[in-house]
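An overview of the molecular structure
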Amino acid sequence: MTAIKRQDIQSQVINTIADITDRIPSDLNEQTNLLHDLDLDSLALFEIVIDLEAAYDLRISDEEIENLRTIGEIVSFIARRLDQ
Amino acid sequence: MRPLGNLMNDYERRVNELLLDIFDKILVTEEKALSKGNFSDLSVAEMHTLEGIGLYEARTMSETAAILGITTGTLTVAIDRLVRKNYVDRYRDQNDRRVVRIRLTRKGKLAYRMHSKFHTLLVDRLTEPLNEKQRQILLDTLLSISGFVSEQYRRYVTHAGQEEQKP
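Residues numbered from 1 in each chain as written. Chains lettered and ligands numbered in written order. Predicted model: local features only at pLDDT ≥ 70, side-chain atom pairs only at ≥ 80, totals over all residues.

Overview of the overall build of chain A
Within chain A, the secondary structure is distributed over 4 helices and 0 strands. Secondary structure of chain A in N-to-C order comes out as α-α-α-α. In terms of overall dimensions, chain A is globule-like: its C-alpha atoms have a radius of gyration of 12 Å, near the 12 Å expected for 84 residues. Considering only C-alpha atoms, chain A reaches an extent of 30 × 25 × 20 Å along its principal axes. Per-residue burial for chain A yields a buried fraction of 21% across its 84 residues. (Helix = DSSP H or I, 4+ residues; strand = E, 2+ residues; numbered from the N terminus. Rg over C-alpha atoms; globule rule 2.2 N^0.38 Å. Buried ≥ 20, exposed ≤ 12 C-beta atoms within 10 Å, placed from the backbone.)

The following block contains the structure:
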């Protein structure tokens, strides 16, 4: 995975989350915690997952979602899956 | 106490009451969770139709009807409603225009995932206090109950089918 590609994924993830949580993208970064910083409920979390699945043609299980706590972890997860 | 319980011994009565109570309460809880949640315009039956379609699949009507164990006519009525409510997308297959496919919309996927979470929480809460051995016993017992009930169901369906064929 090249640095540029990770940057693209990061940008897509941040824009998706900003859109759904009604936040400004520049307020979000890889350290942003979904639960503690954004106070995401299940509905918002699933909206993000569904939009990212569609954007990258992925399937993300509930078990995998449970392990994704920060934006950085989502970015790394997608990057890993795209590399497979 | 349920009237039928009068004819049973204590153990039979307790097992019978517990089984019916669990069955009733899961159904009612499922209904309440739906009606008070974000998808209050969906019935439990409609939610199960979404489950039959699947989260990622683009199934034909007959495939979905077979999964749900209903006729394509019954499914068509249900799908008409779900399309109107924007939970299901119905479209013609690109390779074969005669084939109509259905898939969940974004809203349908959201409802599916939220409903799935409800069931996951139900199972998690139920099995949380159990150790590995107890979990296995629970699973084995449920498999046995499910097998028995399915067998009874098949017998009644077959019997009903035979009766329908009578002049």
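What about the sheet that holds strand S1 (residues 59-60) of chain B?
As a general point, the strands of a sheet are linked pairwise by backbone hydrogen bonds and lie either parallel or antiparallel. Residues and elements named next belong to chain B. The strand order S1-S3-S2 describes an open sheet built from 3 strands, whose pairing is antiparallel. A strand with exactly one partner marks an edge of an open sheet, and here the two such strands are S1 and strand S2 (88-92). Sheet topology note: the S2/strand S3 (residues 100-104) ladder contains 5 bridges and is antiparallel. Within S3, the position partnered with Arg 92 by the bridge is Val 100. This element, helix H2 (residues 44-53), spans S1, S2 and S3 of the sheet and lies at about 110° to S3. Contacting S2 and S3, helix H4 (residues 72-84) crosses the sheet at an angle of about 110° to S2. (Pairing = 2+ DSSP bridges. Contact = placed C-beta atoms within 7 Å. Axes fitted to C-alpha atoms, helices over the stretch in contact; angles between N-to-C directions.)

Topic: the environment of Thr 32 of chain A
Residue and element names in this part refer to chain A. As for its placement among the helices and strands, Thr 32 is situated in the loop between helix H1 (3-21) and helix H2 (42-56). Judged by local crowding, Thr 32 falls into the partly exposed class, with 18 C-beta atoms found within 10 Å. Sequence separation of Thr 32 and Ser 42 is 10 residues, and the distance between their C-alpha atoms is 17 Å. Leave out the neighbours within four places in its chain, and Thr 32 touches Asp 37, Leu 38, Thr 70 and Ile 71.

Observations regarding the nonpolar core
One finds Val 13 of chain A together with Leu 50, Val 88 and Ala 111 of chain B to be the most contacted residues of the largest nonpolar core, which totals 31 residues. Residue assignment for this core shows that the elements contributing at least two residues are H1, H2 and helix H4 (71-83) of chain A together with H2, H4, S3 and helix H5 (106-127) of chain B. Apart from residues lying up to four places away in sequence, Ala 111 of chain B is in contact with Phe 39, Leu 42, Met 47, Leu 50 and Tyr 87 of chain B. (Core = buried A, V, L, I, M, F, W, Y, C linked by C-beta atoms within 7 Å.)

Here's the deal with the interface of chain A and chain B
Each side of the interface is counted separately: chain A has 7 residues, and chain B has 10 residues. At 5 residues, H2 of chain A tops the list of elements feeding residues into the side of chain A that touches chain B. When grouped by side-chain class, the residues that make up the side of chain A that touches chain B number 3 nonpolar, 1 polar and 3 charged. (Nonpolar A, V, L, I, M, F, W, Y, C, P; charged D, E, K, R; others polar.)

Regarding the pairing of S3 of chain B
Sheet analysis places S1 of chain B next to S3 of chain B, joined by 2 bridges and oriented antiparallel. The residue bridging Thr 60 of chain B from the neighbouring strand is Arg 101 of chain B, located in S3 of chain B.

Observations regarding unusual backbone geometry
One non-glycine residue with positive phi stands out, namely Asp 22 of chain A, at about 60°. Tracing the sequence through the fold places Asp 22 of chain A in the loop between H1 and H2. A positive phi angle, near 70°, is found at Asn 86 of chain B, a position not held by glycine. Tracing the sequence through the fold places Asn 86 of chain B in the loop between H4 and S2.

Overview of the confidence of the model for chain B
Residues and elements named next belong to chain B. A residue-level look at chain B finds 92% of positions with pLDDT of 70 or above and a mean pLDDT of 88. Confidence over residues 163-167 falls short of pLDDT 50; this stretch has 0 contacts with residues more than four positions distant or in other chains. Taken over the whole predicted complex, pTM reads 0.82, whereas the ipTM for its chain interfaces reads 0.88. (pLDDT = per-residue confidence, 0-100.)

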